[in-house]
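The residues making up each chain are set out below.
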Amino acid sequence: MRDLIEHSIKVITREQAPSGAYPACSSFAVYGYAWLRDGAFVAESMRAHGIADGARAFHEWTARVLTDRAERIEAVVAALTAGDEIDQARFLPTRYTLDGADGSESWWDFQLDGYGTWLWALQRHLDGSTDHAFAGAVTLTVRYLCAAWRLPCYDWWEEHAEQVHVATLASVEAGLRAALRTGLLADGDAGTASSTADAIAAVIAADGSVDGRLRKWLGSDAVDGSLLAAVAPFRLADDATARRTVAAVERDLLDDGGVHRFRADVFYGGGRWPVLAGLLGQSYLRLGRPGDARRQLAWIAGTAADNGDLPEQVSDRLLHPQQRQEWLERWGPVATPLLWSHAAYLSLAAELGVTL
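Residues numbered from 1 in each chain as written. Predicted model: local features only at pLDDT ≥ 70, side-chain atom pairs only at ≥ 80, totals over all residues. Heavy atoms only, no water.

1. Focus: the overall build of the protein
Next up, step 1: Across its full length, the protein holds 14 helices and six strands.
Next up, step 2: In terms of C-alpha radius of gyration, the protein reaches 19 Å, essentially the compact-globule figure of 21 Å for 356 residues.
Next up, step 3: Overall, the C-alpha framework of the protein stretches about 50 × 45 × 40 Å when taken along its three principal axes.
Next up, step 4: For the protein, the proportion of its 356 residues judged to be buried stands at 59%.
Next up, step 5: Considering only intrachain contacts with a sequence separation of at least 6, the fraction spanning at least 24 residues in the protein is 72%.
Next up, step 6: Summing over all exposed atoms, the protein offers an accessible surface of approximately 13700 Å²; the carbon and sulfur share of this is 47%.
Next up, step 7: Each charge sign in the protein was given a centre, from 33 positive and 47 negative side chains, and these centres are 5 Å apart. (Helix = DSSP H or I, 4+ residues; strand = E, 2+ residues; numbered from the N terminus. Rg over C-alpha atoms; globule rule 2.2 N^0.38 Å. Buried < 20%, exposed > 50% of the residue type's maximum accessible area, 1.4 Å probe, protein only. Contact = heavy atoms within 4.5 Å. Areas by Shrake-Rupley, 256 points an atom, 1.4 Å probe, with all protein chains shown as cover. Lys, Arg positive; Asp, Glu negative; His and termini not counted. Charge placed at Lys NZ, Arg CZ, Asp CG, Glu CD.)

2. Looking at the packing of aromatic side chains
Next up, step 1: The full count for this structure, using the stated rule, is 27 aromatic pairs.
Next up, step 2: Ring centres of tryptophan 107 and tryptophan 108 lie 4.7 Å apart, and the angle between their planes is 65°; this geometry places the pair in the edge-to-face category.
Next up, step 3: A relative accessible area of 16% places tryptophan 107 in the buried class.
Next up, step 4: The exposure class of tryptophan 108 is partly exposed, given its relative accessible area of 31%.
Next up, step 5: Where tyrosine 115 meets tyrosine 144, the ring centres are 5.7 Å apart and the plane angle is 65°; that geometry is what we call edge-to-face. Here tyrosine 115, found in helix α5 (residues 113–126), pairs with tyrosine 144, found in helix α6 (residues 135–148); they are 29 residues apart in sequence, far enough to count as distant. Side by side, tyrosine 115 and tyrosine 144 carry an identical accessibility label, which is buried.
Next up, step 6: In textbook terms, an aromatic cluster arises when at least three aromatic residues are bridged by ring pairs, as seen for Phe28, Tyr31, Trp35, Trp107, Trp108, Phe267, Tyr268, Trp327 and Trp331.
Next up, step 7: One residue, arginine 95, lies across the ring of tryptophan 107, its end atom 3.9 Å from the ring centre.
Next up, step 8: Of note, lysine 216 hangs over the ring of phenylalanine 262, and the distance from its end group to the ring centre comes to 4.0 Å. (Phe/Tyr/Trp six-rings, centres within 6.5 Å; stacked < 30°, edge-to-face > 60°. Lys NZ or Arg CZ within 6 Å of the ring centre and 35° of its normal.)

3. Here's the deal with the packing of helix α2 (residues 36–48) against helix α14 (residues 339–351)
Next up, step 1: Following both chains from N to C, one finds α2 and α14 inclined at 35°, their axes separated by 8 Å at the closest point. With respect to the hand of their crossing, α2 and α14 are arranged in left-handed fashion. Each of Arg37, Asp38, Phe41, Val42, Ser45, Met46 and Ala48 in α2 lies in contact with α14, whose residues at this interface are Leu339, Trp340, Ala343, Leu346, Ser347 and Ala350.
Next up, step 2: Residue composition of the contact of α2 with α14, grouped by class: nine nonpolar, two polar and two charged. (Axes fitted to C-alpha atoms, helices over the stretch in contact; angles between N-to-C directions. Left-handed = near helix turned anticlockwise from the far one by under 90°. Nonpolar A, V, L, I, M, F, W, Y, C, P; charged D, E, K, R; others polar.)

4. Here we look at the pattern of salt bridges
Next up, step 1: Applying the stated rule across the entire model yields 27 salt bridges.
Next up, step 2: As a salt-bridge pair, arginine 251 and aspartate 252 come within 2.7 Å of each other at their nearest N and O atoms.
Next up, step 3: Assessed through its relative accessible area of 22%, aspartate 252 is described here as partly exposed.
Next up, step 4: Here arginine 261 and aspartate 265 are joined by a salt bridge, their closest N and O atoms 2.7 Å apart. Both residues of the pair, arginine 261 and aspartate 265, count as buried.
Next up, step 5: Several salt bridges converge on common partners, so that one network encompasses Glu250, Arg289, Asp292 and Arg295. (Salt bridge = Lys/Arg side-chain N within 4 Å of Asp/Glu carboxyl O.)

5. Quick look at helix α11 (residues 274–286)
Next up, step 1: Here α11 spans 19 Å end to end across 13 residues, near enough to the 18 Å set by a 1.5 Å rise per residue.
Next up, step 2: When we look at burial in α11, the residues that qualify are Pro274, Val275, Leu276, Ala277, Gly278, Leu279, Leu280, Gly281, Gln282, Ser283, Tyr284 and Arg286.
Next up, step 3: With its phi angle positive at about 75°, glycine 288 sits one or two positions after the end of α11. (Expected span 1.5 Å × (residues − 1).)

6. A few points about α6
Next up, step 1: For α6, with 14 residues, the first-to-last C-alpha span of 20 Å sits near the 20 Å given by 1.5 Å per residue.
Next up, step 2: Most of α6 is tucked away, with eleven of its 14 residues classed as buried.
Next up, step 3: Listed as buried for α6 are Ala135, Ala137, Val138, Thr139, Leu140, Thr141, Val142, Tyr144, Leu145, Cys146 and Ala148.
Next up, step 4: Among the structural elements, α3 (52–67), α4 (70–81), α5, α7 (166–182) and α8 (187–207) are those in contact with the buried residues of α6.

7. Notes on the environment of tyrosine 31
Next up, step 1: You can see tyrosine 31 is positioned in the loop between α1 (2–15) and β1 (34–35).
Next up, step 2: Taking the C-alpha atoms as reference, tyrosine 31 lies 34 Å from aspartate 189; in sequence the two are 158 residues apart.

So far we have only geometry, and geometry alone does not tell us how the molecule works.
Next comes the structure, spelled out in structure tokens:
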């Protein structure tokens, strides 16, 4: 167990760019970019194991990325506030080059979850300190999210841009509440952040739930593994909703210890994801099930290659095996090592009290 912790820290440290950005997977052609969602979870996992310098470098890189786009953000906010329709190309991208530029390739780009997740991770990194070096980036991000949160956008998995996704709403709400805890917002922005977070919570309670558990998107009855983040680590769902959401994931997506993303997943045939096994383990801890959490940690470790590298997904129990070959032909073998998978292992291990 500690060998994989040590290896995961080494992989993440080795892969971090000089700029501070974390590539999703530098050995996988289309993943050599920095996603704010992935990077925020990676930075949080390093913080949990006392690697503060790497985490801070990522947060400083993200702050530079955002402040460099201040005029763009303010223009989008002004247009949305005025009720104007905006071409999606004007919104912030979901991934950046490691030096902080927009990617030149076409991608499923309009997502909001990463910006909320960054605020959440930054607040945990600051740990009660009020670091004004981040004030500008935090304010810009809060204004952007408060203006855009109602809009349909791509989900965690870069799918279904026409929907409003509950995991995205939870990521934004968690980020806004975290931003308030940083003490970096002026009174007006703080008031807007607070009222927006409350409005998001109301939408999730009224339209983002079905049968007492969270739903994949507004109006859908489907279950999605990303919903676990609202249970833990964001801890937004109340206890009853948390239990029912975890039960739905166990019923529909848990498969011999691993967790599928959603039942209709055809990406590489729809395998089981270490990231989601980690979120389920954290959710088990919140629900007072430490034995089950330890089993999730062991399952993630069991997906490691001989050298200790963790993949994006494992392909032994596929939901749609007939779809796997087309992805192999398009992009090659599954992305390995995926830094987010290593982060999921580190974060769950830290919550279980297992460190170096």
